[in-house]
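The lines below spell out each chain.
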Protein chains: 2
Amino acid sequence: MNCIFFNGIVLTMNSANTVIREGCVVVEDDRIVDVGKYSELKYKYHGYERFDCENKIIMPPLINCHTHASMTLLRGYADDLPLFEWLTKWIFPVEKTLTPEDIYLGTKLAVVESALSGVSCLNTMYYFMDKEAEAISQAGLRGVVGHVCFSNNKKQDRSITFNLVRKWHNSKNGLIRVTVDPHSIYTVDPVYLKELHELKKDLNDKFGSPTAPIKWHIHTAETADELVKMRESFGSSENPEIKKLVDENYDGVFDYLNHLNVLDDQIIAAHCVHLTDKDISLIREKSISVVHNPVSNLKLASGISPLPKLLSNNINVSLGTDGPCSNNSLDMFETVKITALLHKGVSLNPTVLPATEVIKMATINAAKTLGWDSEIGSIEKGKKADLLIIDLSKPHANPLYNEFSQLVYALKSSDVDSLIVNGRFIVEEKTVRTVNVEETITKVAKWVSDRFPDKSINS
Amino acid sequence: MNCIFFNGIVLTMNSANTVIREGCVVVEDDRIVDVGKYSELKYKYHGYERFDCENKIIMPPLINCHTHASMTLLRGYADDLPLFEWLTKWIFPVEKTLTPEDIYLGTKLAVVESALSGVSCLNTMYYFMDKEAEAISQAGLRGVVGHVCFSNNKKQDRSITFNLVRKWHNSKNGLIRVTVDPHSIYTVDPVYLKELHELKKDLNDKFGSPTAPIKWHIHTAETADELVKMRESFGSSENPEIKKLVDENYDGVFDYLNHLNVLDDQIIAAHCVHLTDKDISLIREKSISVVHNPVSNLKLASGISPLPKLLSNNINVSLGTDGPCSNNSLDMFETVKITALLHKGVSLNPTVLPATEVIKMATINAAKTLGWDSEIGSIEKGKKADLLIIDLSKPHANPLYNEFSQLVYALKSSDVDSLIVNGRFIVEEKTVRTVNVEETITKVAKWVSDRFPDKSINS
C-alpha cells in the first residue's frame, strides 16, 4: 500500500514532540517514508492513494502494555467483590476450564475492541498463548504474548515458553513477539525465578536481537503484601535453597528480585503500586520499564502507584488496562484520562501528569517498554506504518485549543476513525476490516449461554 | 407521541430496583403509562408506534447535577496549571468578556454533547442564565438553572434571580426549573448568605411547590481552605455583623452555614470534598443533597470526597461533571465509572460503590437532589416519559452478564442509541433531532477563531 495521509494534525511523538499542522505522512508498504507539511510534500508522491485527514489527528496508535486479552469472555462476570472471593470463587474455577478455542475466541473479541479504540498492540499474558498470537496476528494487530509461569506448572512452562518463542517471536511479518512471564513473586518460587531469568537470556541469545529482545513480563508489587504472600507460598518449602532465599528480610519486591540477581533492563514490570524507596532506586538503576494500570488498581482496590515519583526518577512508564474482567474494558483512551486525573487528585497537584506526558506513556514509552521503539511508538521516517487517525468532528471534541489536552481530557475511543498497522488498514472509517465482528460477538454470546445457562449469575 | 419501547432490558431504578427483561415501556404524550413484560402488555396498546429495543437497555436517562454548561467554549483552553494561575490568568479574564449570545452558543454545544451521551437534565450555574435556559429548553432537554451570586454583585443578583425564577421556574412544559445560587462561602459574605436564604424561601412561597421546589445550588468544601478563604475575603469587612460572623471559629463549612441558620433540606451542595465529622452530621440531619464531581475534583487537585462515609450516613448523593473546562467533557458515563473506581482504590475496599449504587446516584438520587423525583429519575407508571435507550451490540459491550456492571465498567457514552425527554425524541439512532449540530460546531469554531486569532494558546 502506497499512500499519503494528508492535511491532518500530525502528532509525531518524536523526541522533540514535533506537531505538524496541515501535515502529512507518506507510507510505502509497511513503512513510513516521509513526514512533513503537506504543502511541501504533495508533489513528491504521485500515484499514491490519498486520504484526506482534514479535521483529524494523525498519531501513533495507543499501546496496551499489560493485559490478559482472552479474558473478555469474563467481562462483567463478577464485580464489586472482595478480592479473595472474586478470584477463588469466580475467576479461578472458570479459568481452569478454558480451552484453546476459548482463548482464541476471547482474544478475537479483545482484538476487535482494541482496534476500534485505537490500540495497535497488546502485551498479553495468559494460557494457550499460541491461540492469542494467532488471533492477534490474523487480525493484523501487533502482540507481545507470554505464557504465564507458575511454580506448580514448572515442568510444562519451560517447553511451552520455548515453543512459543520459537514459533512466534518476531514472526508474522514482525507482528508478534514473545516474553517470558513469571506470574509474580508469590506464585513463582525464587529458584524458579532464577531459572526463568536464565531461560530469558538463553532465548534471547537464540531468538532475540537488540531491536527485538525477549523480555520478562511480570506482575510486581500490585498489592501491599506480596512479600508476605511469597513467604506464605514458599516458606515451608522442602527445598533448602528456596527456604533460605524466602526467609531473608527484603526491603521491597524489587530488593528481593535483585537479591536473586534477576533484575536487568529487559523487564516489563506491571503494576508497581506498592514500592519502597529501594524498589524505586532499583527500577531506575536497572532501567526496568513500569506499566501503570490505574483502572484495575482502583477496581480491585490494590492501591495507587506513586507515578509522579517514578517519572521524576526518569523511569520509563507506560500504560495498560490489565484484563478486561478487572476494568472492564480495554479502552486506552479511558486509561489515559484516568491516569492524568488520578495523580493530580491524589498528590493535590494539578500540574503533575500533564497531557503530553500521558500521551507519551501510551505511545513512545510503551514502544520502549516492549523493546519495540526502533520500529513503532512514533511517526518518524523509517519506522513502521502504524497510524491512528482520530476524528475531531463530534460535539465533545470541540472547540479545539490544544490537541494533547483534547486527547486526554475530551476525546474518546469512539472518536477513532481509522487504524493502520504495518501499513494495513485494520479499522477504516470506524469499521473493522480484518475480522468478522458480528460473527465474533455472536460466538461469544453462544459461548456464554453454553457455559453459563443461567446467564445472570450474580445480579 | 403514543408508543411502546419493547423487548428491551428495562432498568426501572424504582425503589425495589426492578429489572424487567424482554420488558416494555408504554408512553402516552409526555408520560409513562405502563411498564412490564412485553408478553403481558403487547396486546393492550394497539395503534401505538413500536420501537424494537431488542439487545438494548431501557433506563432513566443520566442527570448531570453540577455543571456550568456554557463553559464548553473554554474546553481545553487551559489545562494542567496551578489552580490560582488557571483561574486568574486564563479563566476569569475570558469569563468577564462573555456575552449572552456566547452563553447561548456554549450551552447549545453542551446540550448536544449531553444528549448524545444520554443526559436528559443539566443542573447548571453561570451568568446570563436566561440564555442557558433558552438553549436547553429549545433542545427539549431539562435544565435547572441558577444565576451565580457573588457579594460583589449583590445589587443585581437579587433582581436577576427573581426574574429568572418568574420567567423560567417550572416553565416550558415543565422542562426548566430555577435555583438560587450563592457561589460559595468565600465569595458570598454571611449577611448576603442569609439574605439569599430568605430569598429562596420567599421565591418558594411565590413560585415553588412541594413537587417543584426552588433550592439553593452552592459550591461547598471543594478545597480544604474555604473557611480560611472566607476570612481572607470578609475578615476586614466594615460591616460589624459580617465581621462578627466571620471571626468566630467553625468546625467545617457546614458548621459555619448552620450557624447562619441557612441550612435546610432544599440545598444542593456541590463537591463536599473536605468535610469534618460535624459537616457530615449536619448534611445528614438537614437532609442536604450532595453532588459528587470526581473528575473535576481530581483534575483541579481539589482532593477526594469521603463518598463511602456519606453513603453510609444515608446522605443522598448524586453526580456531576462540573464545568467542561475542568473535566473536559460532560460525559456522565465516564463520571459514573470513575466514581465506582476511585473510592475502591482510595479506601482499599473493592466492595464500596457497587455498580447498582452508582447508577442510582446518576438517576433517581439525582432526581431527588433536584427535587424532581416525583416526575423523573425512574421508569414508573405516572412519571414523565424520560427514557435512555442503550445499544448493547458493540464489541466492548459483550458478553453481557450483569447490566449494572456493564453500564458502569464497560459501556460508554457512545453506546447511547436514543434519548427521549418528556415524551419527545431528542436523540434517535445516535443522531440529535432537535438541534442543528453541524451549525453549532461551526459557530463555536468561529467564536474561537474570532476571540482567539492565535488558536493554539498554550500548546
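Just so you know, these numbers come straight off a predicted model, no measurement behind them.

Rules and cut-offs
- Residue numbers run consecutively from 1 along every chain, following the written order of its sequence.
- Labels follow written order: the first chain is A, the first ligand is 1, and so on.
- Predicted model: local features are reported for residues with pLDDT of at least 70 only, side-chain atom pairs are reported and counted for 80 or more only, and whole-chain, interface and lining totals are derived from all residues.
- The basis for the side-chain values is all heavy atoms of the structure; hydrogens and waters are excluded.
- Buried means the residue's accessible area, taken with a 1.4 Å probe over protein chains only, is under 20% of the maximum for its type, while exposed means over 50%, and partly exposed covers the values in between.
- Counting from the N terminus, the helices are DSSP H or I runs at least four residues long and the strands are E runs at least two residues long.
- In this scheme, strands are said to pair when DSSP sees at least two bridges between them.
- For the purposes of these results, a polar contact is taken to be a pair of N or O atoms within 3.5 Å, where, inside protein, one atom must be able to donate a hydrogen and its partner to accept one; residues adjacent in sequence count only when each atom of the pair is a side-chain atom.
- For this analysis, residues touch if any pair of their heavy atoms sits within 4.5 Å.
- By buried area we mean how much accessible surface two parts lose on assembly, using a 1.4 Å probe and totalling the loss over both.
- Put simply, a salt bridge is a Lys or Arg side-chain nitrogen that is within 4 Å of an Asp or Glu carboxyl oxygen.
- All domain edges in this entry derive from an automatic or database-based domain assignment.
- Arc definition: it is the arc formed by the directions from the helix axis to the C-beta atoms.
- By convention, a stacked pair of Phe, Tyr or Trp rings (six-membered ring in the case of Trp) has centres within 6.5 Å and planes under 30 degrees apart, an edge-to-face pair has planes over 60 apart, and any other such pair is tilted.
- Criterion for a charge above a ring: Lys NZ or Arg CZ within 6 Å of the ring centre, and within 35 degrees of the ring normal.
- A least-squares fit on C-alpha atoms brings the copies together, and the residues used are those whose pLDDT is at least 70 in both copies.
- Among buried residues, the Ala, Val, Leu, Ile, Met, Phe, Trp, Tyr and Cys ones that are joined through side-chain atoms within 4.5 Å form a nonpolar core.
- Axis angles are defined between N-to-C directions and span 0 to 180 degrees, where every axis is a line fitted to C-alpha atoms and, for a helix, only to the segment in contact.
- Relative orientations are named as follows: roughly parallel for angles under 35 degrees, roughly antiparallel for angles over 145 degrees, roughly perpendicular for angles from 65 to 115 degrees, and oblique for any other angle.
- Left-handed is the label given to a crossing in which the near helix is rotated counterclockwise from the far helix by less than a right angle, and right-handed is the label when the rotation is clockwise.
- Side-chain classes are defined by residue name, with Ala, Val, Leu, Ile, Met, Phe, Trp, Tyr, Cys and Pro counting as nonpolar, Asp, Glu, Lys and Arg as charged, and the others, Gly among them, as polar.
- Residue count minus one, scaled by 1.5 Å, sets the expected span of a helix.

Draft legend 1. Inspection of the pairing of strand E6 (residues 62-67) of chain B at higher detail. All names here are of chain B. Across the six residues of E6, six count as buried, placing the element largely inside the fold. As paired strands, E6 and strand E7 (residues 119-126) are joined by four bridges and run parallel to one another. Within E7, the position partnered with Thr67 by the bridge is Thr124.

Draft legend 2. A look at the side chain of B:Asp331. Following the sequence through the fold, B:Asp331 ends up in the loop between strand E13 (317-319) and helix H13 (332-347). A distance of 3.1 Å separates a polar atom in the side chain of B:Asp331 from the backbone nitrogen of B:Glu334. Discounting residues that sit within four places of it in the chain, B:Asp331 has contacts with A:Lys412, B:Glu113, B:Thr321 and B:Ser413.

Draft legend 3. Here's a closer look at the interface of chain B and chain A. Chain B puts 70 residues into the contact, and the matching count from chain A is 71 residues. Buried surface at the junction of chain B and chain A, summed over both partners, amounts to about 5200 Å²; 61% is from carbon and sulfur atoms. When the buried surface of chain B facing chain A is broken down by residue, B:Asp80, B:Pro395 and B:Tyr401 rank first, second and third, together holding 16% of it. Here chain B is connected to chain A by eight salt bridges. The shortest N-O distance in the salt bridge between A:Asp80 and B:Lys344 comes to 3.2 Å. For the side of chain B that touches chain A, the secondary structure elements donating two or more residues are helix H3 (100-116), helix H11 (294-299), H13, helix H16 (403-409) and helix H17 (437-451) of chain B. At eight residues, H13(B) tops the list of elements feeding residues into the side of chain B that touches chain A.

Draft legend 4. Up close: the domain arrangement of chain A. Residue and element names in this part refer to chain A. Each assigned domain of chain A is listed here: domain 1 (2-60 + 378-428) and domain 2 (62-369). For domain 1 and domain 2, the distance between their C-alpha centroids amounts to 30 Å. The interface of domain 1 with domain 2 comprises 26 residues on the first partner and 28 residues on the second. Buried area between domain 1 and domain 2, both sides added, is near 2200 Å², and the carbon and sulfur share of it is 65%. By the criterion of area lost to domain 2, the three top residues of domain 1 are Met13, Val408 and Tyr409, representing 27% of everything that side buries. At the boundary of domain 1 with domain 2, the tally comes to one salt bridge. Arg142 is the partner of Asp386 in a salt bridge, and the nearest nitrogen-oxygen pair spans 2.6 Å. Between the two partners, domain 1 and domain 2, sit six residue pairs in polar contact (both at pLDDT 80 or more). Per element, the largest residue contribution to the side of domain 1 that touches domain 2 is five residues, and it comes from helix H16 (residues 403-409).

Draft legend 5. Expanded view of helix H8 (residues 240-247) of chain B. Residues and elements named next belong to chain B. Among all positions in H8, only Ile242, Leu245 and Val246 are buried. Projected onto a plane normal to the axis of H8, the buried residues spread over an arc of 95 degrees and lie on a single side. Within H8, the exposed residues directed more than 90 degrees away from the buried face are Pro240 and Lys244. Tucked inside the fold, the buried residues of H8 contact helix H6 (190-207), helix H7 (226-234) and helix H9 (253-259). For H8, the capping residue at the N-terminal end is Asn239, with a side-chain oxygen 2.8 Å from the backbone nitrogen of Glu241.

Draft legend 6. View of unusual backbone geometry. With an omega dihedral of -10 degrees, the bond running from A:Asn398 to A:Pro399 counts as a cis peptide bond. The amide bond that connects B:Asn327 to the next residue, B:Asn328, takes the cis arrangement and shows omega of 10 degrees. Mapped onto the fold, B:Asn328 is located in the loop between E13 and H13. Its identity is not glycine, yet B:Asn55 carries a phi of approximately 60 degrees, on the positive side. Positionally, B:Asn55 belongs in the loop between strand E4 (49-52) and strand E5 (56-59).

Draft legend 7. Region of the structure containing the packing of aromatic side chains. The final tally for this structure, using the stated rule, is 26 aromatic pairs over all chains. Between A:Tyr77 and A:Trp90, the ring centres sit 5.6 Å apart and the planes meet at 80 degrees, which makes this aromatic pair edge-to-face. Residue A:Tyr77 is located in the loop between strand E6 (62-67) and helix H2 (83-95), and its partner A:Trp90 is located in helix H2; the two are separated by 13 residues in the primary sequence. An angle of 35 degrees between the planes, with centres 5.0 Å apart, marks the rings of B:Tyr77 and B:Phe452 as tilted. In this pair, B:Tyr77 is assigned in the loop between E6 and helix H2 (83-95) and B:Phe452 in the segment after H17, connecting sequence segments 375 residues apart. We classify B:Phe452 as buried; its relative accessible area is 11%. A connected cluster of aromatic rings, assembled from ring pairs, spans A:Tyr77, A:Trp90, A:Trp447, A:Phe452 and B:Tyr401. Here the basic side chain of A:Lys299 rests over the ring of B:Tyr409, its NZ or CZ set 4.3 Å away from the ring centre.

Draft legend 8. Broad picture of the relation of the copies chain B and chain A. Of the transformation placing chain B onto chain A, the axial shift is 0.0 Å and the rotation is 180 degrees, giving an RMSD of 0.0 Å. Here the two chains are linked by the operation of a two-fold rotation axis. Measuring from the rotation axis to each C-alpha of chain B, the shortest distance belongs to B:Ser414, at 3.2 Å. Mapped onto chain A, 100% of the interface residues of chain B again fall at the interface, so both copies present the same surface.

Draft legend 9. Up close: the nonpolar core. Within the largest apolar cluster, 254 residues are counted, with the highest numbers of intra-cluster contacts made by A:Phe254 and B:Phe254. Residues contacting B:Phe254, with those up to four places away along its chain left out, are B:Thr220, B:Leu263, B:Ala269, B:Cys272, B:Leu275, B:Asp279, B:Leu282, B:Ile283 and B:Ile288.

Draft legend 10. Broad picture of the pattern of salt bridges. On inspection of all chains with the given rule, the structure shows 54 salt bridges over all chains. Salt-bridge contacts for A:Asp30 lead to A:Lys384; the nearest nitrogen and oxygen are separated by 2.8 Å. Taken together, the positions of A:Asp30 in the loop between strand E2 (19-28) and strand E3 (31-37) and A:Lys384 in the loop between helix H15 (364-369) and strand E14 (387-391) put the pair 354 residues apart, joining distant regions of the chain. Between B:Glu198 and B:Lys201 there is a salt bridge, with its nearest N and O atoms 3.8 Å apart. One end of the pair, B:Glu198, and the other, B:Lys201, are both in helix H6, three residues apart, so they sit about a helical turn from each other.

Draft legend 11. Here's a closer look at the side chain of B:His197. By the secondary structure assignment, B:His197 is in helix H6. With sequence-adjacent residues up to four places away left out, B:His197 is seen in contact with B:Trp216, B:Asn261, B:Val262 and B:Asp264.

Draft legend 12. Summary view of the environment of B:Lys131. Residues and elements named next belong to chain B. Within the element layout of this structure, Lys131 appears in helix H4 (residues 129-139). Residue classification places Lys131 among the partly exposed positions, given a relative accessible area of 22%. The spacing of Lys131 and Lys244 is 113 residues in sequence and 39 Å in space, taken between C-alpha atoms. The residues touching Lys131, leaving out its near neighbours within four places in the chain, are Pro100, Ile103 and Tyr104.

Draft legend 13. Here's a closer look at the packing of H3(B) against H17(B). All names here are of chain B. Orientation of H3 relative to H17, taken along the N-to-C sense of each, is 135 degrees, at an axis distance of 10 Å. In terms of axis orientation, H3 runs oblique to H17. Judged by the sense of rotation from one axis to the other, the crossing of H3 with H17 is left-handed. Together, Asp102, Leu105, Lys108, Leu109 and Val112 of H3 and Val437, Glu439, Thr440, Ile441, Lys443, Val444, Trp447 and Arg451 of H17 make up the contact between the two elements. Residues of the contact of H3 with H17, tallied by class, amount to seven nonpolar, one polar and five charged.

Draft legend 14. How the structure looks around helix H13 (residues 332-347) of chain A. All names here are of chain A. If you check H13, its first and last C-alpha atoms are 23 Å apart, about what 16 residues at 1.5 Å a residue would give, namely 22 Å. A large share of H13 lies buried, amounting to 14 of its 16 residues. With a side-chain oxygen lying 2.9 Å from the backbone nitrogen of Phe333, the N-terminal cap of H13 falls on Asp331. Of the residues one or two after H13, Leu348 is the one with positive phi, at around 55 degrees.

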